[in-house]
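Spelled out, the chains give:
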Amino acid sequence: MNTMMGLINLEHEHDFLEELTYFRCGAAAPFAGRYRLIDFTLSNMVKSGIEEVAVFTNHKYRSLMDHVGTGADWELARRHGGLFILPPDWNDPTDISRGDLRHFHNNRDYFHRSKADHVLISGSQFIANTSLDEAFSHHLHTDADVTLITVEVDEQLPEHMSQLRVEKGEDGKVLALTNDQTNGTLFTNVYIIKKEVLLRLVDQCIAFHKDHFFFHGVKENMDDLHMTSWNYDGFSLFVNSVESFYRHNINLLDPDAYQRLFFDNEYVRTKISNEPPVKYRTTADVKDTLLANGCVIDGSVENSVLFRGVKVKKGAVVKNSIIMQRCTIEDGVHLENVVLDKDVSISGGQTFIGSSEKPFVVAKRKTI
Amino acid sequence: MKKRCVGMLLAGGEGKRLGLLTKNLAKPAVPFGGKYRIIDFTLSNCSNSGIYTVGVLTQYSPLELNKHIGIGKPWDLDRQSDGVTILSPYTAKEGGSWYQGTADAIYRNIHYIDQYDPEYVLVISGDHIYQMDYDAMIRHHEEKASDATISVIEVPWEEAPRFGILNTKDNLEIYEFDEKPAEPKSNLASMGIYVFNWRTLREYLLEDAAKSDSDHDFGKDVIPAMLNDEKRLYAYRYEGYWKDVGTIQSYWEANMDLLEEDLSVSLNNKSWRTYSQDTNFPPQFIDSAAEVENSLINSGSWISGTVKNSILFECIHVGRSSHVNESILHPHVKVGSGCEITRAIIMENVVIPDGTVIDGTTEPEPVVIDSAYIAQLT
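Bear in mind that the values here come from a model prediction, so they are computed numbers and not experimental data.

Participant: Quick question: what am I supposed to make of the overall build of chain A here?
Facilitator: In terms of helices and strands, chain A carries nine helices and 26 strands. A globule of 368 residues ought to have a C-alpha radius of gyration of about 21 Å, and chain A, at 21 Å, matches this closely. C-alpha extents for chain A along the principal axes are approximately 65 × 45 × 35 Å. Put simply, chain A has 368 residues, and 60% of those count as buried. Looking at chain A alone, contacts between residues at least 24 apart form 58% of all its contacts between residues at least 6 apart. Accessible surface computed for chain A: about 14,500 Å², of which carbon and sulfur atoms make up 47%. Each charge sign in chain A was given a centre, from 39 positive and 52 negative side chains, and these centres are 8 Å apart.

Participant: Just to check I follow, could you spell out the domain arrangement of chain A for this structure?
Facilitator: A common way to express how large an interface is: the accessible area buried when the components associate. All names here are of chain A. Taken domain by domain, chain A consists of domain 1 (4-262) and domain 2 (279-362). The gap between the C-alpha centroids of domain 1 and domain 2 is 33 Å. For the domain 1 and domain 2 pair, buried surface summed over both sides reaches about 1,800 Å², with 66% attributable to carbon and sulfur atoms. Among the residues domain 1 hides against domain 2, the three largest losses belong to Gly33, Tyr246 and Leu253. Together they make up 35% of the total. Put simply, domain 1 and domain 2 have two salt bridges between them.

Participant: It is not clear to me how the pattern of salt bridges should be interpreted in this structure. Could you clarify?
Facilitator: Oppositely charged side chains may form a pair once their charged atoms are brought near each other. With the rule as written, the count across this model stands at 42 salt bridges over all chains. Taking the shortest distance from any N to any O, the salt bridge between lysine 313 of chain A and glutamate 330 of chain A comes out at 3.6 Å. Within this pair, whereas lysine 313 of chain A is found in the loop between strand S18 (311-312) and strand S19 (317-319), its partner glutamate 330 of chain A is found in the loop between strand S21 (328-329) and strand S22 (334-336), the two being separated by 17 residues in sequence. On the basis of relative accessibility, which here comes to 28%, the residue glutamate 330 of chain A falls in the partly exposed class. Of the charged contacts, one joins glutamate 154 of chain B and arginine 237 of chain B as a salt bridge, the two residues approaching to 2.8 Å between their closest N and O atoms. Of this pair, glutamate 154 of chain B sits in strand S10 (residues 148-154) while arginine 237 of chain B sits in strand S14 (residues 233-237), and the two are 83 residues apart along the sequence.

Participant: What am I meant to see in the interface of chain B and chain A here?
Facilitator: At the junction of the two partners, chain B supplies 40 residues and chain A supplies 37 residues. When chain B packs against chain A, the two sides together hide about 3,300 Å² of surface, and 50% of this comes from carbon and sulfur. When the buried area of chain B at its contact with chain A is split by residue, Asn280, Pro283 and Phe285 of chain B rank highest and sum to 21% of it. Run the count over chain B and chain A and you get one salt bridge. Note that arginine 273 of chain B and glutamate 275 of chain A form a salt bridge whose closest N and O atoms lie 3.5 Å from each other. In this structure, the connection of chain B to chain A is made through 19 residue pairs in polar contact (both at pLDDT 80 or more).

Participant: Just to check I follow, could you spell out the state of the cysteines for this structure?
Facilitator: Covalent bonding between the sulfur atoms of two cysteines defines a disulfide. Tallied over the entire structure, the rule returns zero disulfides over all chains. With no disulfide of its own, cysteine 25 of chain A lies closest to cysteine 327 of chain A among cysteine sulfurs, the gap being 20 Å. With relative accessibility at 5%, the residue cysteine 25 of chain A sits in the buried group. Here cysteine 46 of chain B stays unpaired: no disulfide links it, and the sulfur of cysteine 5 of chain B, its closest cysteine neighbor, is 8.5 Å away. Cysteine 46 of chain B gets classed as buried once you look at its relative accessible area, which sits at 0%.

Participant: Got a minute to help me understand a negative patch on the surface in this structure?
Facilitator: A contiguous patch of negative charge on the surface is contributed by Glu203, Glu207, Asp229 and Glu230 of chain B. Structurally, the position occupied by glutamate 203 of chain B is in helix H6 (residues 198-210).

Participant: What's the story with the packing of aromatic side chains in this structure? I'm lost.
Facilitator: Aromatic ring pairs are reported here in terms of the distance separating the ring centres and the angle at which the planes meet. Under the counting rule described, the total for this entry stands at 33 aromatic pairs over all chains. Ring geometry for phenylalanine 31 of chain A against phenylalanine 245 of chain A: centres 6.3 Å apart, planes inclined by 55 degrees, an arrangement best described as tilted. Taken as a pair, phenylalanine 31 of chain A in strand S2 (residues 30-31) and phenylalanine 245 of chain A in helix H8 (residues 242-251) lie far apart in primary sequence, 214 residues in all. In this structure phenylalanine 245 of chain A comes out as buried when scored by relative accessible area, which is 0%. With centroids separated by 5.5 Å and ring planes inclined at 75 degrees, the aromatic side chains of tyrosine 112 of chain B and tyrosine 116 of chain B adopt a geometry described as edge-to-face. Residue class for tyrosine 116 of chain B comes out buried when judged on its relative accessible area of 4%. Members of the aromatic cluster, each reached through a chain of ring pairs, are Phe31, Tyr35, Phe40, Phe245, Tyr258, Phe262, Phe263 and Tyr267 of chain A together with Phe281, Phe285 and Trp302 of chain B. The cationic tip of arginine 343 of chain B hangs over the ring face of tryptophan 252 of chain B; the distance from NZ or CZ to the ring centre is 5.0 Å.

Participant: How should I be thinking about the side chain of histidine 140 of chain B in this particular structure?
Facilitator: Mapped onto the fold, histidine 140 of chain B is located in helix H5 (residues 134-143). What histidine 140 of chain B contacts, discounting residues up to four positions off in sequence, is Thr149, Leu172, Tyr234, Ala235 and Tyr236 of chain B.

Participant: Sorry, what's going on with the environment of glycine 83 of chain B here?
Facilitator: Residue and element names in this part refer to chain B. Checked against the element boundaries, glycine 83 lands in strand S5 (residues 83-87). For the pair glycine 83 and tyrosine 130, spaced 47 residues apart in sequence, the C-alpha to C-alpha distance is 22 Å. If sequence neighbours within four positions are ignored, glycine 83 has contacts with Tyr52, Thr53, Val54, Leu77 and Tyr112.

Participant: Explanation requested: the packing of H6 of chain B against helix H7 (residues 218-228) of chain B in the structure shown.
Facilitator: Residues and elements named next belong to chain B. It is the contact of H6 with H7, at a shortest axis distance of 10 Å, that shows an interaxial angle of 115 degrees. Crossing handedness for the pair H6 and H7: right-handed. From H6, Thr200, Leu201, Tyr204 and Asp208 reach across to H7, where they touch Phe218, Asp221, Val222, Ala225 and Met226. In the contact of H6 with H7, the residues fall into six nonpolar, one polar and two charged.

Participant: What should I look at first to understand the sheet that holds strand S24 (residues 328-329) of chain B in this one?
Facilitator: Hydrogen bonds between backbone groups are what pair the strands of a sheet, and the pairing can be parallel or antiparallel. With mixed pairing, ten strands are arranged side by side in an open sheet as S24(A)-S21(A)-S18(A)-S16(A)-S14(A)-S18(B)-S21(B)-S24(B)-S27(B)-S30(B). A single partner strand is all that each edge strand has here, and the edge strands are strand S24 (345-346) of chain A together with strand S30 (367-369) of chain B. Note: S21 of chain A against S24 of chain A, two bridges, orientation parallel. In the sheet register, threonine 328 of chain A faces S24 of chain A, and the bridge partner there is serine 345 of chain A.

Participant: Honestly, helix H1 (residues 39-48) of chain B in this entry has me stumped. Any pointers?
Facilitator: Along an α-helix, residues three or four apart share an orientation, since each turn contains 3.6 residues. Among the ten residues in H1 of chain B, nine count as buried, and that is most of the element. Backbone geometry just downstream of H1 of chain B places glycine 50 of chain B in the positive-phi region, at approximately 80 degrees.

Participant: Would you mind showing me how to read the environment of leucine 164 of chain A here?
Facilitator: By secondary structure assignment, the location of leucine 164 of chain A is in the loop between strand S8 (146-152) and strand S9 (165-168). Not counting chain neighbours up to four residues away, the residues in contact with leucine 164 of chain A comprise Leu177, Thr178, Asn179, Thr185, Leu186, Phe187, Phe214, Phe215 and Lys219 of chain A.

Participant: So what exactly am I meant to see when it comes to the sheet that holds strand S26 (residues 340-342) of chain B here?
Facilitator: All names here are of chain B. Reading across from one edge, S17-S20-S23-S26-S29 is the order of the five strands in this open sheet, with parallel pairing throughout. Bordering the open sheet on either side are strand S17 (291-293) and strand S29 (357-359), each of which pairs with just one other strand. Neighbour to neighbour, the strand axes of the sheet diverge by 5 degrees on average, direction disregarded. Direction of pairing for strand S20 (residues 306-308) relative to strand S23 (residues 323-325): parallel, over a ladder of three bridges. Bridge pairing in S23 places threonine 306 opposite histidine 323.

The rules we used
- In every chain, residue numbers begin from 1 and rise along the written sequence.
- Written order decides the labels, with chains lettered from A and ligands numbered from 1.
- Per-residue local features are limited, in this predicted model, to residues with pLDDT of at least 70; the limit for side-chain atom pairs, both in listing and counting, is 80 or more; totals at the level of whole chains, interfaces and linings are taken over all residues.
- Calculated side-chain values reflect all of the structure's heavy atoms, with hydrogen atoms and water omitted.
- Per the convention used, a helix needs a DSSP run of H or I reaching at least four residues, while a strand needs a run of E reaching at least two, with both numbered from the N terminus.
- The quantity called the radius of gyration is restricted to C-alpha atoms. Its globule counterpart is 2.2 Å times the number of residues to the power 0.38.
- Three exposure classes are used, based on accessible area relative to the maximum for each residue type with a 1.4 Å probe and protein chains only: buried under 20%, partly exposed in between, and exposed over 50%.
- The contact criterion used throughout is that any non-hydrogen atoms of two residues lie within 4.5 Å.
- Working definition of accessibility: Shrake-Rupley area with a 1.4 Å probe, residue cover restricted to the visible protein chains.
- In this tally, Asp and Glu contribute negative charge and Lys and Arg positive charge; neither His nor the terminal groups of the chain are included.
- By convention, the charge on Lys lies at NZ, on Arg at CZ, on Asp at CG and on Glu at CD.
- Boundaries of every domain are those given by an automatic assignment or by a domain database.
- Buried area counts how much accessible surface, traced with a 1.4 Å probe, disappears from two parts once they are put together, with both parts' losses summed.
- When a carboxyl oxygen of Asp or Glu is within 4 Å of a side-chain nitrogen of Lys or Arg, the pair counts as a salt bridge.
- Counted as a polar contact is a pair of N or O atoms within 3.5 Å, where, for protein atoms, one must be capable of donating a hydrogen and the other of accepting one, and residues adjacent in sequence contribute only when both atoms are in side chains.
- Any cysteine sulfur atom paired with another within 2.5 Å is treated as part of a disulfide.
- A residue counts toward a patch only above 30% relative accessible area and without a salt bridge, and it is joined to like-charged neighbours within 9 Å or, for Val, Leu, Ile, Met, Phe, Trp and Tyr, to nonpolar neighbours within 5 Å.
- Between the rings of Phe, Tyr and Trp (Trp by its six-membered ring), a pair exists once the centres lie within 6.5 Å; its type follows the angle of the planes, with under 30 degrees stacked, over 60 edge-to-face, and the other angles tilted.
- Note on geometry: a ring has a charge over it if NZ (lysine) or CZ (arginine) is within 6 Å of the ring centre and within 35 degrees of the ring normal.
- Lines fitted to the C-alpha atoms define the axes, with helices restricted to the stretch that makes contact. Angles between their N-to-C directions range from 0 to 180 degrees.
- By definition, turning the near helix anticlockwise from the far helix through less than a right angle yields a left-handed crossing, and turning it clockwise yields a right-handed one.
- Classification convention: Asp, Glu, Lys, Arg as charged; Ala, Val, Leu, Ile, Met, Phe, Trp, Tyr, Cys, Pro as nonpolar; all other residues, Gly among them, as polar.
- Whether two strands pair comes down to DSSP finding at least two bridges between them.

The structure is reproduced here in structure tokens:
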């Protein structure tokens, strides 16, 4: 059938967030007040009409599984299809596959069972809020084997360095994939591939002891594949380092960015939590801040992102900071350029100041 | 499928005195507290008290209410053998009619309760704001070996004539029920929360249904009949926050009460959560021109003006140089720039044009604003 199935492949994503990824994978890193990075990819897949999504994950996936649960909050708890979290479970004694090919080999059933003829593959570090219907139409229309989703950037940012560049010909045809840092057409690590081509390339990779499906299966075989591209021109960003993570969280305090990421399309879905509305007490002083529900604010907060259930007590000052779930900031604390992971509590009167290039990061559940 | 207790939640009321607020929806479905609907408090009390078999009796304008309750997921009432069941009036072989009174509503659903063969039936209504452990009340009922237990709250003596008053002996045994007494003998007001032995109640419901001169009401008919027969009726004292949101004034006050700190209804109480249908709106944005003080604000809201002493539901816009004070803004309200809104309740989806002034301080009750009101302004 001319429909897509989804695959979120986390095998080759590094734990780029230092303290924030000591105990969780990057895809499960909190972002923008109430989300995890994976929410954007998952939501985009659901918006694109995808009804089955698999997640290839190989380590630190407890927090990811806790977050996505049955998939119900993305309408992915279904009798047929739905969400499949596929951690390593290798039991085939004849298995010689390596790298992410082990996931493809050991989860071949996932692809065979689906009626979809195309697979939308993505990582978790490309953040946008969009349906990929148009990209899929382009893929079908051009009868491509592979369609790469690209974005054009005006300015080269540090997080763009590791993205492949796409040289395009007529009608988006992909001529080359390079590391040319002057080329502003970036591959987003999101692509659509025909299922039968995918399965054929998987077999080929395994036979030749390859360990990276996209590099060895797709990129090395470019000449034999009908490869096209589709450019996404809405709001987007990449998060793949502490610096880009911090900068993009803070950038969302620009009204234009906030509007474009959250309101230009349907809402981004995330785990539902049942927190009460934010409570601003009489001494609260809040400016330029994103707040998720469950926060209770007595102190002053400026240019910051507060996740669910954060308490800022009287006389505390929070500036240019990212404060994750259920942190407590006591009386008279002063925080600037700080990232606090979940459940951190900062006791009275202390001052912590980081820099915007190197924010001061505090790991989960610390009491300082 | 025997259950110890079945909860019967009366949610069919029109709430006439809430005027515009209940024009298109039942009183229990009226938005409350920035995120909730009135019925969420009783539904959450049920699940927090371990009562997972709940029949919700609906009648007046039930669409919003039915949609809100759905299969009961937010309250953990989506269950295989019981959970929440919507019980609407129905027709059968012998005809059918609307529910004639509170007792009649339960009478017509005897077959629903019988399925679970319960020891007790808890009768509650979906139009009060309070957090109460029904299980403690059931234990009290058991200790007293009552046939019926009625939850009571102490009210100021001067207000007692507005309530249904229960006169009790020292051991809380009820000997008289006084509906709105001119000269009250007690200040224990009935909260409209009852625990009955199902077998006893069943008999009284059958008897009451056969009487043509009955109003089929618990307070007026069933309880007096039980007292008359010298059944064991006890009061159960509830201490804590409880508010009937029957009028616009009391609805507004109950919302404002959430801004007070010392009330036992605390939305942030982790051990007694109030649950509701949650949404997937983005985090709220308080921008550089905004000022927010003593308020509750829900997700998806974007504030550029001044908000004080107010309750804002999801996806509210408050434009620049606008002042919102002592007001309740229902979901998706857009306030333009340079507006002054004081002591008002703005209904869902209303768009308030730039420069509008709405002042409810001179009215006896806060003003309720719908889109028709806005249309006649321009």
